[in-house]
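# Topology and contacts: notes
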Amino acid sequence: MEKTMMMKRKPSLSFLHHCCFLLSLFSIFASFRCSPSHNYADALTKSLLYFEAQRSGRLPYNQRVTWRDNSGLTDGLEQGVDLVGGYYDAGDHVKFGLPMAFTVTMLSWSIIEYSEYIAGAGELEHAMEAIKWGTDYFIKAHTSPNVLWAEVGDGYTDHYCWQRPEDMTTSRQAYKIDENNPGSDLAGETAAAMAAASIVFKKTNPHYSHLLLHHAQQLFEFGDKYRGKYDESIGVVKNYYTSVSGHEDELLWAAMWLYKATDNHQYLSYVIDNADSFGGVGWSITEFSWDVKFAGIQVLASQLLIEEKHKKYKDVLEKYQSKAEYYICSCLNKNNGTKHNVRFTPGGLLYVRQWNNMQYVSSGAFLVSVYSNLLQKLNQKNLKCHGGEVTPHELFQFTKSQVDYILGSNPLNMSYLVGFGPNFPKRVHHRGASIVSYRENKGFIGCTQGYDNWYGSTDPNPNIVVGALVGGPDHNDEFTDKRGNYMQTEACTYNTSPLVGIFAKLNYLENMVLHASY
Ligand SMILES: *[C@@H]1O[C@H](CO)[C@@H](O)[C@H](O)[C@H]1NC(C)=O
Ligand SMILES: *[C@@H]1O[C@H](CO)[C@@H](O)[C@H](O)[C@H]1NC(C)=O
């Protein structure tokens, strides 16, 4: 579905022209090389369609991804709780609470940073719908102050089957955390998601915003009071989404978002008082993900330095900031020594690890983009890394380079955003997409039948999961478009969510430059 641009599309003017205009606009270095640009508005529109493809539950009248139909309509029934809705995390049908919540937090952060650009591209409503599909589910899953349903289905039985979600015959057992089975990481991340989303809905839907905040506050209290890692309480999540980094990062993350949402001093104190003991100012880390939130917390804490009223916490906030800068410098390959830097592929893509590397690219590109804005606001001209100073503009150029790689500026000329451009993965590891659409053929397709007739096929998927960001290439920029190659061809909701804001900003900048050049 093509969207009509609100702004005039650029006429057939060479990008070189824009680029050089950009050059003079920002008066940057001779080393700046004109880089290709892509249709970021199209990428933004497509990224939001992906969340519709991942919907579980009863699909609404305005569902745009029409190869999908209702699914998981009895989720929670066995446990006597309504758990219909939410998102499938990736190419399977388990509803995993932790990555789902992180996805919603990052979608919300995208809107909080870049709402005017998303609105300018006419996509704000879709972005808010994507958040609400998650938060509506979290409201259902949070059945009492100290009970949160953490997962529906389980990876073991789910992975035994290759079925469309509409045909699902696998176990829909639901798992929860409570006072006796704590999960501070899950409670914390869900609190963060709901607090961040409450900021998004504050103006347009104050009642909903208030409701989200209420849940977020209760969940944070629950997570803080009953400490523990959720994978110790819910064994089935192990091997899928084990919280390796523990629960301290999520508690700080939740408190930070709650402070942003409420301005309540109690949450700020939590972030300040626990900075040391929870590793907030101790961990130098080169990864930001559904598991490890420290870099995100550190960037949010750095943002507090803008306001005069936080001056009395300057010491601690600056410690957070120095760790944020460590992370940013690591992405730019400007820390002291290889073990303090993220690796790159020869084609210039951040490379953290083999399995679903793109999640680290999109989350890293987002943080660097946010930090580039922050530096400008702090009137702190440059970021000082061991390897040299970096301007805010160079920081954003880094973000752009990662996004452009994703969209096709790479050695294989392959867009890793599915459905974007002429060349993208055709055999995405995705049950629903790889089997004929339920709307076209309602004949039941069984558990192993799916493996025999669809998974094993070398044909392209019959349905295109538009807007999905797949795991991506290996350390050598190589990529094999095979359904069985799940490390590279599976997509996850948290891969795409940080891109929403960046696509919008890139689209805005491109149009701004265009506009200015006339
Ligand atoms: C950089 O790392 C090297 C090797 O670990 C060390 O000897 C040196 O002191 C470091 N430089 C700075 C400025 O930290
Ligand atoms: C990618 O595109 C460039 C420029 O059009 C071309 O020179 C190159 O051969 C292409 N590479 C592949 C692997 O298709």
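Keep in mind that what you see is a predicted model, and the values were worked out from it rather than measured.

### Regarding the state of the cysteines
Following the criterion strictly, the structure yields two disulfides and no others. A disulfide bridge connects Cys161 with Cys447, and the sulfur atoms are separated by 1.9 Å. Here the S-S torsion is close to -95°, and the disulfide linking Cys161 with Cys447 is therefore left-handed. Of the two residues, Cys161 sits in the loop between helix H5 (155–159) and strand E3 (174–177) while Cys447 sits in helix H16 (residues 447–455), which places them 286 residues apart along the sequence. Here the two residues Cys161 and Cys447 agree in accessibility, since each one is buried. With its disulfide-bonded cysteines labelled consecutively along the sequence, the chain is connected as 1-4, 2-3. Here Cys331 stays free of any disulfide, with the sulfur of Cys329 as its closest cysteine sulfur at 9.3 Å.

### What to know about helix H12 (residues 314–331)
Here H12 is 18 residues long and its end C-alpha atoms lie 25 Å apart, about the 26 Å a rise of 1.5 Å per residue gives. Considered for burial, the residues of H12 that qualify are Leu317, Tyr320, Gln321, Lys323, Ala324, Glu325, Tyr326, Tyr327, Ile328, Cys329, Ser330 and Cys331.

### A few points about the packing of aromatic side chains
Considering all chains together, one arrives at 29 aromatic pairs under this definition. Summarising the aromatic geometry, the rings of Phe51 and Tyr87 are spaced 6.0 Å apart at their centres and angled 70° between planes, so their arrangement reads as edge-to-face. Linking Phe51 in helix H2 (residues 40–53) with Tyr87 in the loop between H2 and strand E1 (95–96), this pair joins segments that are 36 residues apart in sequence. The pair formed by Phe51 and Tyr87 is uniform in burial state, with each residue classed as buried.

### Quick look at the UniProt feature "domain: Glycoside hydrolase family" (unreviewed entry) in the chain
The feature "domain: Glycoside hydrolase family" (unreviewed entry), as annotated in UniProt, sits at residues 40–502 in this numbering. The span residues 40–502 is 47% helical and 5% strand by assignment, and the distance between its end C-alpha atoms comes to 9 Å.

### Looking at the pattern of salt bridges
For the structure on display, the rule yields 21 salt bridges. Two residues, Lys400 and Asp404, come together in a salt bridge whose shortest N-O distance is 2.7 Å. Of this pair, Lys400 and Asp404 both sit in helix H14 (residues 392–406), four residues apart, which is roughly one turn of the helix. The burial state of Lys400 is the same as that of Asp404; both residues are buried.

### Section: the pairing of strand E2 (residues 148–152)
The element E2 is largely enclosed, with a buried count of five among its five residues. Here E1 pairs with E2 via two bridges, running antiparallel. Across the sheet, Phe96 pairs through a bridge with Glu151, a residue of E2. Bridge count for E2 against E3 is four bridges, and the pairing is antiparallel. By the bridge assignment for E3, Glu151 is matched with Tyr175.

### Overview of the environment of Lys225
By the element assignment, Lys225 lies in helix H7 (residues 206–225). In the structure, Lys225 is positioned 79 residues away from Asn146 in sequence and 9.7 Å away in space, judged by C-alpha atoms.

### Regarding the packing of helix H9 (residues 248–262) against helix H10 (residues 265–273)
Interhelical geometry of H9 versus H10 gives an angle of 150° and a closest axis separation of 8 Å. Relative to H10, H9 is oriented roughly antiparallel. The interaxial crossing formed by H9 with H10 has left-handed handedness. Seen from H9, the contacting residues are Leu251, Leu252, Ala255, Met256, Leu258, Tyr259 and Thr262; seen from H10, they are His265, Tyr267, Leu268, Tyr270 and Val271.

Cut-offs and rules
Residues numbered from 1 in each chain as written. Chains lettered and ligands numbered in written order. Predicted model: local features only at pLDDT ≥ 70, side-chain atom pairs only at ≥ 80, totals over all residues. Heavy atoms only, no water. Disulfide = S-S within 2.5 Å. Helix = DSSP H or I, 4+ residues; strand = E, 2+ residues; numbered from the N terminus. Buried < 20%, exposed > 50% of the residue type's maximum accessible area, 1.4 Å probe, protein only. Expected span 1.5 Å × (residues − 1). Phe/Tyr/Trp six-rings, centres within 6.5 Å; stacked < 30°, edge-to-face > 60°. UniProt positions renumbered as here; feature names shortened; annotations may be inferred. Salt bridge = Lys/Arg side-chain N within 4 Å of Asp/Glu carboxyl O. Pairing = 2+ DSSP bridges. Axes fitted to C-alpha atoms, helices over the stretch in contact; angles between N-to-C directions. Parallel < 35°, antiparallel > 145°, perpendicular 65-115°, else oblique. Left-handed = near helix turned anticlockwise from the far one by under 90°. Contact = heavy atoms within 4.5 Å.

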